[in-house]
Amino acid sequence: MADKYRYDIEILHLLVSPAHAYFGRARDGAADVVTIDAAMAEVVTRKGIVGDRFYGKAAHMDAAVTLMSVEALEAMASELGVAPFDPLLPRRNVVLRGAELAPLLGQDFAVESGGSVVEFHGGRPAHPCAWMDRMLAPGAHAAMRGRGGIRCRVRSDGTLHRGPAVLVSPVPLEPRQAGVAHVLRPSRLP
């Protein structure tokens, strides 16, 4: 990353789940799976989050960790006219506040938190599944298209910590249009 931009963000949730909860038919309901909203999560290069259902799975190496913006969930709930969604229900691993994620697709970037740095590669969009209509609200599946977050490959070992963090991006990010000022401290590093 030749040019780097730094943005203050917050890690709100770190979801670690040893099994899938949304499979089969939505009408049958979600599986009863223990999900941990961890204070910190150990991340391993090319494997993902230790203890998560995708950790070390060959088919998921390039998409082992999912990141999502809580602002996207807030905007969807507002558009659908429902109460705010539980940010753990979409089952993204890392729920952030203040991070614009779409420009990070195809980019190498880092998240600094709790004295640790974890490097990622933004691989592809995290598309929603039809389960969102059942788990969030009717219409959530369509509302989530294009803003379900991103799937990432882990490029360095480290630990993610809930709380204040810094997104180190190779691309300048624009403040979101969803209502809250999201880019808190952009600064270009030499």
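Residues numbered from 1 in each chain as written. Predicted model: local features only at pLDDT ≥ 70, side-chain atom pairs only at ≥ 80, totals over all residues. Heavy atoms only, no water.

- The protein has the name MOSC domain protein in an unreviewed UniProt entry, where Arthrobacter ulcerisalmonis is given as its organism.

1. Some thoughts on the nonpolar core
Right, so step 1: Among the nonpolar cores identified, the biggest contains 30 residues, and Leu 67, Phe 109, Val 111, Phe 120, Leu 160 and Leu 167 are the most heavily contacted of them.
Right, so step 2: Those elements that place two or more of their residues in this core are strand E1 (4-16), strand E3 (40-44), strand E5 (65-69), strand E6 (94-97), strand E7 (108-113), strand E8 (116-125), strand E9 (150-154) and strand E11 (163-169).
Right, so step 3: Top contributing element to this core by residue count: E1, with six residues.
Right, so step 4: Counting 12 residues, the second largest nonpolar core, distinct from the first, contains Ala 72, Leu 73, Ala 77 and Leu 136. (Core = buried A, V, L, I, M, F, W, Y, C linked by side-chain atoms within 4.5 Å. Buried < 20%, exposed > 50% of the residue type's maximum accessible area, 1.4 Å probe, protein only. Helix = DSSP H or I, 4+ residues; strand = E, 2+ residues; numbered from the N terminus.)

2. Digging into the pattern of salt bridges
Right, so step 1: Applying the stated rule across the entire model yields 10 salt bridges.
Right, so step 2: With a closest N to O distance of 2.8 Å, Glu 112 and Arg 6 form a salt bridge. Taken together, the residues Glu 112 in strand E7 and Arg 6 in strand E1 connect sequence positions 106 residues apart.
Right, so step 3: Residue classification places Glu 112 among the partly exposed positions, given a relative accessible area of 23%.
Right, so step 4: Look at Arg 6 and you get buried, because its relative accessible area is 16%. (Salt bridge = Lys/Arg side-chain N within 4 Å of Asp/Glu carboxyl O.)

3. Thoughts on helix H1 (residues 70-80)
Right, so step 1: Within H1, the full set of buried residues consists of Val 70, Glu 71, Ala 72, Leu 73, Ala 75, Met 76 and Ala 77.
Right, so step 2: Where H1 is buried, its residues touch E1, E5, E6 and helix H3 (140-144).
Right, so step 3: Gly 81 sits one or two positions beyond H1 and adopts a positive phi of about 70 degrees. (Contact = heavy atoms within 4.5 Å.)

4. A word on the sheet that holds strand E4 (residues 48-49)
Right, so step 1: Spatially, the three strands line up as an open sheet ordered E4-E3-E10, and their pairing is antiparallel. With one partner strand each, in any of the chains shown, E4 and strand E10 (158-161) form the two edges of the open sheet.
Right, so step 2: Summarising the sheet, E3 and E4 pair through two bridges and their orientation is antiparallel. For Val 44, the partnering residue across the bridge sits in E4 and is Gly 48. (Pairing = 2+ DSSP bridges.)

5. Quick notes on the side chain of His 13
Right, so step 1: Among the structural elements, His 13 can be located in strand E1.
Right, so step 2: Looking at His 13, the relative accessible area reads 18%, which means it is buried.
Right, so step 3: At 2.7 Å, the side chain of His 13 forms a polar contact with the side chain of Asp 37.
Right, so step 4: Dropping the residues within four chain positions of it, His 13 is found in contact with Asp 37, Pro 87, Leu 88, Asn 93, Val 94, Val 95 and Arg 162. (Polar contact = N/O pair within 3.5 Å; in protein donor to acceptor, adjacent residues only side chain to side chain.)

6. Section: the environment of Gly 149
Right, so step 1: In this structure, Gly 149 sits in the loop between H3 and E9.
Right, so step 2: Each C-alpha atom of the pair Gly 149 and Leu 96 lies 10.0 Å from the other, and the pair is 53 residues apart in sequence.
Right, so step 3: Beyond its immediate chain neighbours, meaning those up to four positions away, Gly 149 contacts Leu 67, Met 68, Leu 101, Pro 125 and Ala 126.

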